[in-house]
Amino acid sequence: MDKSSALDYINQMFPTEASLSGVEPLMQKIHSEIRRVDAGILAAVRQQSNSGTKAKEDLAAATRAVEELMYKIREIKTKAEQSETMVQEICRDIKKLDFAKKHITTTITALHRLTMLVSAVEQLQVMASKRQYKEAAAQLEAVNQLCSHFEAYRDIPKITELREKFKNIKQILKSHVFSDFSSLGTGKETEETNLLQQLSDACLVVDALEPSVREELVNNFCSRELTSYEQIFEGAELAKLDKTERRYAWIKRRMRTNEEIWQIFPPSWHVPYLLCIQFCKKTRKQLEGILDNLQEKPDVGTLLLALQRTLEFEDELAEKFGGDSRNNEIGQDIEEIGRPESNRQNVSDIRKKYERKLAANQESSTEEKDGNKESSVPGAGFNFRRIISSCFEPHLQVYVELEEKTLMENLDKLVQEETWDIEEGSQNNVLNSCIQLFLIIKRSLKRCSALTKSQTLLNLFKVFQKVLKAYATKLFIRLPKGGTGLVAAATGMDGQIKTSDRDERVICYIVNSAEYCHKTSGELAESVSKIIDSQLADGVDMSEVQDEFSAVITKALVTLVLGLETKFDAEMAAMTRVPWGSLESVGDQSEYVNGINTILTSSIPVLGSLLSPIYFQFFLDKLASSLGPRFYANIFKCKHISETGAQQMLLDTQAVKTILLDIPTLGRQTATAASYTKFVSREMSKAEALLKVILSPIDSVADTYRALLPEGTPMEFQRILELKGLKKADQQSILDDFNKHAPPTTQPSIAPAVVPAAPPAPPPSVVTNSASIGFIASREDVLTRAAALGRGAATTGFKRFLALTEAAKDRKDGPFRKLFNT
C-alpha cells in the first residue's frame, strides 16, 4: 500500500497511547507471516524446477510412441497389398466367367429382338400390301420400339438392311394412305360403306408415322377442299366486293355438310381449325386483289357491309376455336363519355363488372388447360380477329370522309337549331347543342370501334378534333362583339359591348358548355386510347382542342366583364357631371353610386347561380381589376373638387368599395370572398388615397402625395393641384418643390392601366428625415390639420372624414400607416 494508506492503517490499529502496548505482539505476528510466505515461495520454486524436468521426459516418451505407431501402420499397409494381390489371383478366373456370362446374355437378348424385328417387319410388309391400316398402326409402334434398341448397331449390314426395308414399308403406307384420302370428298365414301372406316384406321397409321406426314396430309386435304372455293370466287361473277358474304356462307355450309365425313379425323388433328386458317388466308388474298383493282372509290355502304360481315365471321371463328371479345367492355367505356358523375356506375356496379371479367378469365384458363391435355394445336395461338378484315384498313378513308361530312352537317344543324337557352330544371346549365354533339360523336365512335381499332380509328379521332374545334369557333362567334375600357385595350378589342340580361345568361351558358367540352373531350381521348391499338395510342391527344375551349372560356368571361363595363359608362359620366367644386355639405351616397349598385345587384346573382366557383372567381378578379383603376382614373376627369366635394367623393368611394365587397354574397359563392376581398381593398385603396391627398392642405399636399401615392407621377400631381382649384402661378412653386424631391419616373399617364398589387413602402428618408420635407411630426399635429380640412364644411362631413381617416389608420401596412406612426 502507498504511504498515506500505511499511516491510516497504523493510526487505525493504534489510535491511542494505551494501544501501543500491542505493538510487540503485532510485530511478532507479521514476522511469522513473512516467514510462512517465504517458505511457500521456496516450495513453489522447487516444485517448478522438478516439473520442467518431468515435462521433457514425457515429451520424449510421446515421440517414441508416435514412431512406433507409424512403423505399425506401414507394416499393416504392406500386408493389405499382399492380401489384395492374393485375392486377385484367386478371382481371376471367376471374373472372366462373369464377363462371359454378361456378353452371352446381351447376345441372346439382341438375337431375340432381332428375330422379333425381322418377323415384325415381314408382318408389317404384308399388312401394308393388304391395306390393313388398323393392324399396321399397332405394328408400326412395335417396330419403332424395336428399332430403338438397335441404334448402337446401325453399321451392321443386317440392321442397315432391315432399317432400309422398314423405311420403304413406311413410304408404301404413306402412299397408300394419301391415295385413299384422295377419294375423300369425291362421293366415293357414299358408294363404299367401309371407306370411311378404312380412312379412320389410316389416321392411326399417320399418327404412327412422322409428324410431318400428318401435317402434309392435312394441308393436302385442306388445299383440295378449297380448290373449288378458289375456282368459284375467282370468276367474274362472284369476285366482287358485294359478294363477300357469300364467301363465308360457302365455308360454313361446307363445314356443316361434311361434318360427319370429317369425323374420321382424330380431334387432336384440328382439321376444321386448320381448314379455316387456310380459308382466311386465301380469302384475304382475294379481297386484297379486289380492293386494289377497284377503278374508283368503293361505295361506302358496300364496303362497310363487307367489312361488317367479315368481322362477324371472324368473331364466329374466334368463339368457335378460342378467343376473347372486348366489344361489350368497349361499348361500356364509350357510354361513360360525358356522363355526369351522379349518373355513372356506382361501386357495386363496378365490382360486378370486374367479377364477371374475372370469372370469364378463369373459365377461359380452365378451358385452355383442358385443351392442353390433347395434343397441341398446329399453329397454336393463331388469332382469327382481323386476319381478313385488316385488308380493308387502307381503303376506309371514304368511310372517314363520310363520317366527317355527317358530323359537320349535324354540327351546323345543331347550331342553327340552338335556342341559346336552358330548359327549366337543368342541373348543369349546358347548351343542348353541346350535349347532342357529344352524343353524335359517341355513336360515331361506337360504329367505328366495332369495325376497326387501327389507323382508321385514329383518322376518325382526328375528325373529332376538327369537329370540336369547329364547335369552339361557333361558340366564339356567338359571343357579343366589341369592347371598351382598360381590359378591352389590353386585349386589343375595339368598340363597346352592350349586353342585355339575356346576353349575360347566354355568355354563362357558353362558359359552361366550353367547360363541359373541355372535360368531355379529355374523356373521349382517354376512351379512344384504351380502344385503339397500343402502337397508335400515343397519337391520341386532345390538348389542342382543350386549349381552344379554354380560350373560349377566357374570351367569354372577359366579354362578360366588358359588358358590365359598358353598363357603368353612364354612371361614370354622371360622376364627372356632379358639381364637386360647389357642394355645400356632405350627404348620403351619390346617385351614380346607387346606379352602380343597381347594375351589380341585377346581374351578379344570375351570374353567380350560373357560373362555377372557379370561373366566378376569375370574373370577379377581372371586374375588380377593371372597375377599381377605372374609378381611380375617373376622379381625374372631374373639373374641380372642393374639400366638401372630396369628402363626399371619399364617402362615395367607400360605398363603392362596400358594394364590390358584397358581390360574392350577391353571387351566393362566399368561398371566393377571402381572396377577392383582399384584391378589392387593394384596388380601391388607391382611389381613397387620391381623395385624401386632395383633402390635404396646400402646404403639405406634396408630402402627403408622396406618402400615400409613392408611385405617382409629376403629371398626376399637377392634375391634383388643378382639381384643388390652384391657378397656374400658384402651382409652379409647389411643382418645383415636388420635382426637386421626387425620384425620377417615366410614367406618362395619369391613371395606369394596371394597378400594382400593393403600393411599396416609402424609402427610409421619407419617414425619418422630417426636417427636410416638412413631414407631420405628431398625432396632435395630424388632428390640427384634420380640423383645418373641415374648415367651412358641415360638421357631419368633418365627422365622416375623421371616421374614414381612423379606418385607414387600422391598416397594418402601407405608407399611410407610417404617416401616423411618425
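These figures come from a predicted structure and were not determined experimentally.

## Some points on the overall build of the chain
Regarding its fold elements, the chain presents 31 helices and zero strands. Per-residue burial for the chain yields a buried fraction of 40% across its 822 residues. Intrachain contacts of the chain at a sequence separation of at least 6 include 80% that bridge at least 24 residues. Accessible area of the chain: about 45800 Å², with a carbon and sulfur share of 54%.

## A look at the packing of aromatic side chains
Counting across every chain of the model gives 14 aromatic pairs. On the basis of an interplanar angle of 85° and a centroid distance of 6.3 Å, the ring pair of Trp580 and Tyr592 is categorised as edge-to-face. Here Tyr592 lies in helix α19 (residues 591–610) and Trp580 lies in the loop between α18 (543–577) and α19, a separation of twelve residues in the sequence. Tyr592 shares its class with Trp580; the two are buried. Put simply, the rings of Tyr229, Phe233, Tyr248, Trp250, Phe279 and Phe313 pair up and form one aromatic cluster. The ring of Phe321 has Lys320 sitting right over it, with the charged end atom 5.7 Å from the ring centre.

## Remarks on the confidence of the model for the chain
Averaged over the chain, the pLDDT score is 76; the fraction of residues at 70 or greater is 78%. Within the model, pLDDT remains below 50 along residues 341–348, and this stretch shows eight contacts once partners closer than five positions in the same chain are excluded. Ignoring residues within four places in sequence, the model shows residues 745–822, a span with pLDDT below 50, making 105 contacts including any to other chains.

## Topic: unusual backbone geometry
In terms of backbone geometry, most residues other than glycine have negative phi values and most peptide bonds are trans. In the Ramachandran plot, His270 falls in the positive-phi region, its phi being about 55° despite a non-glycine side chain. Mapping His270 onto the fold places it in the loop between α8 (244–257) and α9 (271–292). For Trp420, which is not glycine, the phi dihedral falls at a positive 55°. Mapped onto the fold, Trp420 is located in the loop between α13 (397–417) and α14 (432–451).

## Regarding the nonpolar core
Judged by nonpolar contacts, the single largest core of 189 residues is most densely connected at Phe181, Phe265, Tyr471, Phe619 and Ile635. Among the elements that make up this core, the one with the highest residue count is helix α17 (residues 501–531) (13 residues). Excluding residues that lie within four positions of it along the chain, Phe181 makes contacts with Leu199, Ala202, Cys203, Leu217, Arg224, Ile264 and Phe265.

## Quick notes on a nonpolar patch on the surface
A contiguous nonpolar patch, built from Leu20, Val23, Met27, Ile30 and Ile34 and spanning about 400 Å² of accessible area, is present on the exposed surface. Summarising the element assignment, Met27 is placed in helix α2 (residues 23–130). For Met27, a relative accessible area of 38% corresponds to the partly exposed category.

## Here we look at the pattern of salt bridges
A side chain with one charge may pair with a side chain of the opposite charge, provided their charged atoms come close. In the structure shown here, the tally under the stated rule is 21 salt bridges. The salt bridge partner of Glu288 is Arg284, with a shortest N-O separation of 3.1 Å. With Glu288 and Arg284 both in helix α9 and four residues apart, this pair spans about one turn of that helix. With relative accessibility at 29%, the residue Glu288 sits in the partly exposed group.

## Points about helix α21 (residues 643–661)
Counted at 1.5 Å a residue, the expected span for α21 with its 19 residues is 27 Å, and the 27 Å between its end C-alpha atoms agrees. A large share of α21 lies buried, amounting to 15 of its 19 residues.

## Here we look at helix α20 (residues 613–636)
Between its first and last C-alpha, α20 extends 35 Å over 24 residues, near the 34 Å set by a 1.5 Å rise per residue. Across the 24 residues of α20, 18 count as buried, placing the element largely inside the fold.

## A short note on the packing of helix α24 (residues 701–708) against helix α25 (residues 714–723)
Running from amino to carboxyl end, α24 crosses α25 at an angle of 130°, the nearest separation of the two axes being 11 Å. When the axes of α24 and α25 are compared, the pair comes out oblique. Seen from above, α24 lies across α25 with right-handed handedness. Residue-level contacts link Val701, Ala702 and Tyr705 of α24 to Glu716, Phe717, Ile720 and Leu721 of α25.

## So, the environment of Arg284
Using a relative accessible area of 25% as the deciding quantity, one classes Arg284 as partly exposed. In this structure the C-alpha to C-alpha distance between Arg284 and Ser390, which are 106 residues apart in sequence, comes to 8.6 Å. Among all residues touching Arg284, those that are not within four sequence positions of it are Arg386, Ile387, Ile388, Ser390 and Cys391.

## Focus: the packing of α8 against helix α10 (residues 300–321)
One can describe the packing of α8 onto α10 by two numbers: an axis separation of 8 Å at closest approach and a directional angle of 25°. The angle between the axes of α8 and α10 places the two elements in the roughly parallel class. Across the interface between the two elements, Thr244, Glu245, Tyr248, Ile251, Lys252 and Met255 of α8 pack against Ala306, Arg309, Thr310, Phe313, Glu316, Lys320 and Phe321 of α10. Its residues placed into classes, the contact of α8 with α10 shows six nonpolar, two polar and five charged.

## Observations regarding the environment of Ser609
Along the chain, Ser609 falls in helix α19. On the basis of relative accessibility, which here comes to 40%, the residue Ser609 falls in the partly exposed class. When residues no more than four places from it in sequence are discounted, the contact partners of Ser609 are Asn429, Gly667 and Arg668.

## Brief notes about the environment of Leu303
Residue position: Leu303 is located in helix α10. Spatially, the C-alpha atoms of Leu303 and Tyr399 are 8.5 Å apart, while their sequence positions differ by 96 residues.

## Let's talk about the side chain of Glu225
Inspection of the secondary structure assignment puts Glu225 in helix α7 (residues 211–233). Judged by its relative accessible area of 5%, Glu225 is buried. Here the side chain of Glu225 touches Arg254 through a polar contact of 2.8 Å, side chain to side chain. Each residue touching Glu225, except ones within four places of it in the same chain, is listed here: Trp250, Arg254, Asn258, Trp262 and Leu275.

## Let's talk about the state of the cysteines
On inspection of all chains with the given rule, the structure shows zero disulfides. You can see Cys434 has no disulfide; the closest cysteine sulfur is in Cys517, sitting 3.2 Å from it. Overall, the relative accessible area of 0% leaves Cys517 in the buried class.

Conventions used here
- Residues numbered from 1 in each chain as written.
- Predicted model: local features only at pLDDT ≥ 70, side-chain atom pairs only at ≥ 80, totals over all residues.
- Heavy atoms only, no water.
- Helix = DSSP H or I, 4+ residues; strand = E, 2+ residues; numbered from the N terminus.
- Buried < 20%, exposed > 50% of the residue type's maximum accessible area, 1.4 Å probe, protein only.
- Contact = heavy atoms within 4.5 Å.
- Areas by Shrake-Rupley, 256 points an atom, 1.4 Å probe, with all protein chains shown as cover.
- Phe/Tyr/Trp six-rings, centres within 6.5 Å; stacked < 30°, edge-to-face > 60°.
- Lys NZ or Arg CZ within 6 Å of the ring centre and 35° of its normal.
- pLDDT = per-residue confidence, 0-100.
- Core = buried A, V, L, I, M, F, W, Y, C linked by side-chain atoms within 4.5 Å.
- Patch = residues over 30% accessible without salt bridge, like charges linked within 9 Å, V, L, I, M, F, W, Y side chains within 5 Å.
- Salt bridge = Lys/Arg side-chain N within 4 Å of Asp/Glu carboxyl O.
- Expected span 1.5 Å × (residues − 1).
- Axes fitted to C-alpha atoms, helices over the stretch in contact; angles between N-to-C directions.
- Parallel < 35°, antiparallel > 145°, perpendicular 65-115°, else oblique.
- Left-handed = near helix turned anticlockwise from the far one by under 90°.
- Nonpolar A, V, L, I, M, F, W, Y, C, P; charged D, E, K, R; others polar.
- Polar contact = N/O pair within 3.5 Å; in protein donor to acceptor, adjacent residues only side chain to side chain.
- Disulfide = S-S within 2.5 Å.

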